[in-house]
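Listed below are the residues making up each chain.
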Amino acid sequence: MAHESNDTARRNRNSSWWKRRTSLERKGVILLIVALIIIIALIIALAIIAHKKSKSEETCNTPGCVKAASKIITNLNPKLDPCTDFYEFACGGFIRETIIPDDKMEVSPFTEAGDTLEQQLRALYESPITKDDIRPFVLLKTFYQSCMNVSAIEVNGLMPINDFIKKLGGFPIVENMNWNENSFDWQQSMYIFRRSGLNYNKFIKLDILPDMKNSSRILLYIDQPELDINKENILLGTEDETVEAYSELLVDLAVLMGADKSFAKYEVKNLIDFLQKLANVSQSDEERRDRASLYNPMTVNELQQKYPTIYWLEYLNNILILPESRVTSKTEVSVHSPQFIGAIDGILQHTSKRVLANYLIFDAIRSFELFMPDAIRNREQQYTAVVTGAQARESRWSECVSKTTSSFDIASSSMYVRKHFDPESKKTAEIMVDDIRNEFIEILKQTDWMDGKTKETAIKKAKAIKPHIGYADELLDNSKINGHYSALTLIPGSCIDHVRNITLFDRNLEIELLSRKFDPSDWRARYAATEINAAYAGYENSIQIPAAILQNVFYNKERLQALNYGGIGYFIGHEITHGFDDQGRKLNIDGNLEDWWAEDTNNAFLKKAKCIIEQYSNYTAPEVNIPINGELTQGENIADNGGIKEAYLAYNAWVKRNGPEQKLPGLKYSPKQLFWISVANCWCTKERVEYLSSALATDEHSPARFRIIGPLSNFEDFATDFNCPLGTRMNPKHKCKVW
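Predicted model, so just to flag it, every value in this text is computed and none were measured.

Participant: Explain the packing of helix α22 (residues 423-446) against helix α23 (residues 452-464) to me, please; I cannot follow it from the model alone.
Facilitator: When two helices pack together, their arrangement is given by the angle between the helix axes and by the axis-to-axis distance. Close contact between α22 and α23 brings their axes to 10 Å; oriented N to C, the two are set at 180°. As the angle between them shows, α22 and α23 are arranged roughly antiparallel. On α23, the residues that touch Arg437, Phe440, Ile441, Leu444 and Lys445 of α22 are Lys455, Ala458, Ile459, Ala462, Lys463 and Ala464. When the residues that make up the contact of α22 with α23 are grouped by side-chain class, the tally is seven nonpolar, no polar and four charged.

Written out as structure tokens, the structure reads:
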């Protein structure tokens, strides 16, 4: 009881103390407590800010950061104002110090990454065959060894190709009047080429791809062929330097094969005339950007009625060959180039059989150039020098690595990822894809020129984009790799026979697709893991980021995220944006051709795209004084502008989640500035003027310089980060923006 009384008394005293305080005193106590809480909160906040500030002012000294800093310092031209020419600022040192090797047409981060990749693959290909090697790896190594056996190629000389040419019906330019014209029929020749593992698409091209309006099925497309030289060059005739060099090449090849030079010149002139006829009825690259115009479905019976001079059922089935892929009169196909298909048979009928046969045999000979004696290869190199500027052949091992990799894309990918790819890189890239996709979706939400329904559909499509990062898991499964190559055999013989067998194997796999539905989960349809590139696959609404590009200046897990978002992050954004460029926007969420844009929104897009077209058309490559084709390059330019913006916003979001990054050693630039420098460093390029001139005529990508100047001059964030005054070259008053 006494204990309870004492407690009660103590509570009464405490209570009475508060009650004895006046109202003003009570308010003062409360204010004092609140003030103390605020002061403590401010101290904590300041401590956090000070910690973050000190962190941002610290220097990253990891091996990855040191290496990255060294590369940036080497590339930079710090004396140049970044607001005047950011490409020269970020890449001027690289351009000044880089010497292009005699066997290269350019040096860039892509070629540097390619050099590293080639060395890695060379070591794999040259390793001894062991009992642990699965059969496809043995085939690959056997092919590489055969390619490297130069002495056997020289000993055999022209005998293997001459024997093969006889089986193809002979070479008129060499046989002169002894060639039997009556035995030649262009369709029969195509059947022989198909069965011989040669290119059967020289007159009419057949493609096997998902149906443009129903990507769940595979369709046969009938199209114009790819010409040996750009259409615009061919139409100029031998007045054009490239056409003249091509003509001289064919003459000299014919002479090396045994032709009389005077007669060879006459025959080649006729061949150039034929190519001009093909070029005249071929669509330009700009015209072919209109996907809807390329889609002209019809049954084989309707095809026969529309283009009656070719017996299509016989022709198609003799090319397809495989019983399970045979077509009937009711089978639906699509004509990609109606103008060309309508004209080709008339051209063929009115062209000398000698010209047609020469054209086909020249193509066969040149396709085997790597396995020809030095005399043939050296002459090919002289032509390459005219077109690309490269003055020497690549080393034999480099050529053989390249040929082996392309011939065994799945086996080489499997070997590469097992040895050289870090799975952690795949996980990091997948996170970056989500970050960058989310930023693009936010951009879509904030656009003020799209109607609600079109915007909603666009957001759904963006959310549905499927990322394929690094490599397919099946590449690590021996049974899958063995199964893929089960039908391929390399019988003892010449390298030419090996190449033909591989081509037959690949074509049969492709044609077999006609017998089944398109399978978006087919791992064999992915980009090769050894590809130093990235892609948007419109037919399935996916992006592909192969393992080999997750390296070099593009990505390194041990360096700043500013550099990674400015490297591979930019490429990820670029590919996502391709789904909404002038071509990709015409495909729906499933990859099918569909007009899902409201009229006003469509017109608004075209107006914005026109701004991009005009911006880039006003750029001229100073090295060759040739303007950019803004129409041809618009898709890539739209993707560059959108991709860089999305990557920048995604990096800012990363900083909000993780805090500011450190600086790089020896560099004064903030992480945000380093993001822009990283973007530019992706395109630090020194190229030969011959190669640049050719690329400007045919490439859908703008030259490296303008892939930096163009997009960055459109971004206010770039101007802010580098304090560029309004009106400077990198911060013009008039800017273009699609996304």
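Participant: Mind showing me how you'd approach the pattern of salt bridges here?
Facilitator: Opposite charge on two side chains allows them to pair when their charged atoms are near. Inspection of the entire model under this criterion finds 42 salt bridges. The partner of Arg289 in a salt bridge is Asp582, and the shortest N-O contact between them spans 2.8 Å. Taken together, the positions of Arg289 in the loop between α13 (261-280) and α14 (291-294) and Asp582 in the loop between α27 (568-578) and α28 (599-617) put the pair 293 residues apart, joining distant regions of the chain. Assessed through its relative accessible area of 6%, Arg289 is described here as buried. Relative accessible area serves as the criterion here: at 9%, Asp582 is assigned to the buried category. With its nearest N and O atoms 3.7 Å apart, the salt bridge here joins Arg377 to Glu369. Taking relative accessible area as the criterion, Arg377 reaches 2% and is therefore assigned buried. Salt bridges sharing partners connect three or more residues here, namely Asp85, Glu88, Glu623, Arg705 and Arg729.

Participant: Would you mind showing me how to read the pairing of strand β5 (residues 332-335) here?
Facilitator: The pairing of strand β3 (residues 214-223) with β5 spans three bridges and is classified as parallel. Bridged to Ile222 within β5 is Val335.

Participant: When you look at helix α16 (residues 312-320) in this model, what are you seeing that I'm missing?
Facilitator: For α16, the complete set of buried residues consists of Trp312, Tyr315, Leu316, Asn317, Ile319 and Leu320. Close packing links the buried residues of α16 with α10 (186-195), β2 (205-211), β3, α15 (300-306), α17 (338-349) and α25 (495-512). One or two steps after α16, the chain reaches Ile321, where phi turns positive at roughly 65°.

Participant: Hey, could you run me through the sheet that holds β2 in this one?
Facilitator: Sheets are built from strands that pair by backbone hydrogen bonding, the pairs being arranged parallel or antiparallel. Judged by pairing direction, the sheet is mixed, and its four strands sit side by side in the order β2-β3-β5-β4 without closing on themselves. Either end of the sheet is taken by a strand with one partner, and the two such strands are β2 and β4 (297-299). Looking at each pair of strands side by side, their axes are set apart by 40° on average, direction ignored. In this structure, β2 lies alongside β3, joined through seven bridges in antiparallel fashion. Among the inter-strand pairings, Asp207 is bridged to a residue of β3, identified as Tyr221.

Participant: Help me understand the sheet that holds strand β8 (residues 542-546), please; the structure alone is not making it clear to me.
Facilitator: In spatial order, the strands read β6-β8-β7; together these three strands make up an open sheet with mixed pairing. Either end of the sheet is taken by a strand with one partner, and the two such strands are β6 (466-470) and β7 (535-537). When strand polarity is set aside, the average angle formed by the axes of neighbouring strands in this sheet is 20°. Summarising the sheet, β7 and β8 pair through three bridges and their orientation is antiparallel. The residue bridging Ala535 from the neighbouring strand is Gln544, located in β8. Taken strand by strand, α22 contacts β6 and β8, and its axis lies near 150° from that of β6. Contacting β7 and β8, α27 crosses the sheet at an angle of about 155° to β8.

Participant: I'm lost on the state of the cysteines in this one. Help?
Facilitator: Each disulfide is one covalent bond, formed between the sulfur atoms of two cysteines. Scanning the model with the defined rule gives five disulfides in all. Here Cys91 connects covalently by a disulfide to Cys684, the sulfurs 2.1 Å from one another. Here the S-S torsion is close to -80°, and the disulfide linking Cys91 with Cys684 is therefore left-handed. Taken together, the positions of Cys91 in helix α4 (residues 86-97) and Cys684 in the loop between α30 (671-681) and β11 (686-687) put the pair 593 residues apart, joining distant regions of the chain. When sorted by exposure, Cys91 lands in the same class as Cys684, which is buried. Residue pairing for Cys147: its cysteine sulfur links by disulfide to Cys400, the two sulfurs lying 2.1 Å apart.

Participant: Explanation requested: the nonpolar core in the structure shown.
Facilitator: Here is a general trend for soluble globular proteins: nonpolar side chains tend to be buried in one another's company. Phe86, Ile204, Trp312 and Trp739 are the most contacted members of the largest nonpolar core, which totals 216 residues. With near-sequence residues (within four places) excluded, Phe86 lies in contact with Trp676, Ile677, Ala680, Ile708, Leu712, Phe718, Phe722 and Met730. Counting residues in hydrophobic clusters, the runner-up holds six residues, among them Leu219, Tyr221, Leu587 and Leu593.

Participant: What should I look at first to understand the side chain of Asp435 in this one?
Facilitator: Mapping Asp435 onto the fold places it in helix α22. Among the polar contacts made by the side chain of Asp435, one reaches the side chain of Tyr565 at a distance of 2.7 Å. Side chain to side chain, Asp435 and Arg657 meet in a polar contact 3.0 Å long. Once residues within four sequence positions are removed from consideration, Asp435 is found in contact with Tyr565, Ala650 and Arg657.

Participant: How should I be thinking about the pairing of β8 in this particular structure?
Facilitator: In regular strands, side chains alternate between the two faces of the sheet. Where burial is concerned, most of β8 is hidden: five out of the five residues are buried. Residue alternation in β8 divides its side chains into two sets, Ser542, Gln544 and Pro546 and Ile543 and Ile545, and both sets are buried. Here β6 pairs with β8 via five bridges, running parallel. Bridge pairing in β8 places Gly470 opposite Pro546. Between the antiparallel neighbours β7 and β8 lie four residues, among them Asn541 with a positive phi of about 55°.

What counts as what
In every chain, residue numbers begin from 1 and rise along the written sequence. Selection of residues for local features in this predicted model requires a pLDDT of at least 70, selection of side-chain atom pairs for listing and counting requires 80 or more, and totals for whole chains, interfaces and linings are taken over all residues. Each side-chain value is derived from all of the structure's non-hydrogen atoms; neither hydrogens nor water enter the calculation. To obtain an axis, a line is fitted to C-alpha atoms, over the contacting stretch when the element is a helix, and the angle between two such axes runs from 0 to 180 degrees between their N-to-C directions. Numbering of helices and strands runs from the N terminus, with a helix taken as a DSSP run of H or I at least four residues long and a strand as a DSSP run of E at least two residues long. Here the word oblique covers every angle except those under 35 degrees (roughly parallel), over 145 (roughly antiparallel) and from 65 to 115 (roughly perpendicular). Contacts are assigned to residue pairs with any non-hydrogen atoms lying within 4.5 Å of each other. Classes in brief: Ala, Val, Leu, Ile, Met, Phe, Trp, Tyr, Cys and Pro nonpolar; Asp, Glu, Lys and Arg charged; the others, Gly included, polar. Any carboxyl oxygen of Asp or Glu within 4 Å of a side-chain nitrogen of Lys or Arg constitutes a salt bridge here. Partly exposed residues are those whose accessible area sits between 20% and 50% of the maximum for their type, while under 20% is buried and over 50% is exposed, using a 1.4 Å probe and protein chains only. In short, DSSP must find at least two bridges between two strands for them to pair. Working definition: a disulfide is two cysteine sulfur atoms within 2.5 Å of each other. Residues enter a nonpolar core if they are buried and are Ala, Val, Leu, Ile, Met, Phe, Trp, Tyr or Cys, with the set joined through side-chain atoms within 4.5 Å. Between N or O atoms, a polar contact is any pair within 3.5 Å; within protein, one atom must be a potential hydrogen donor and the other a potential acceptor, and residues adjacent in sequence are included only when both atoms are from side chains.

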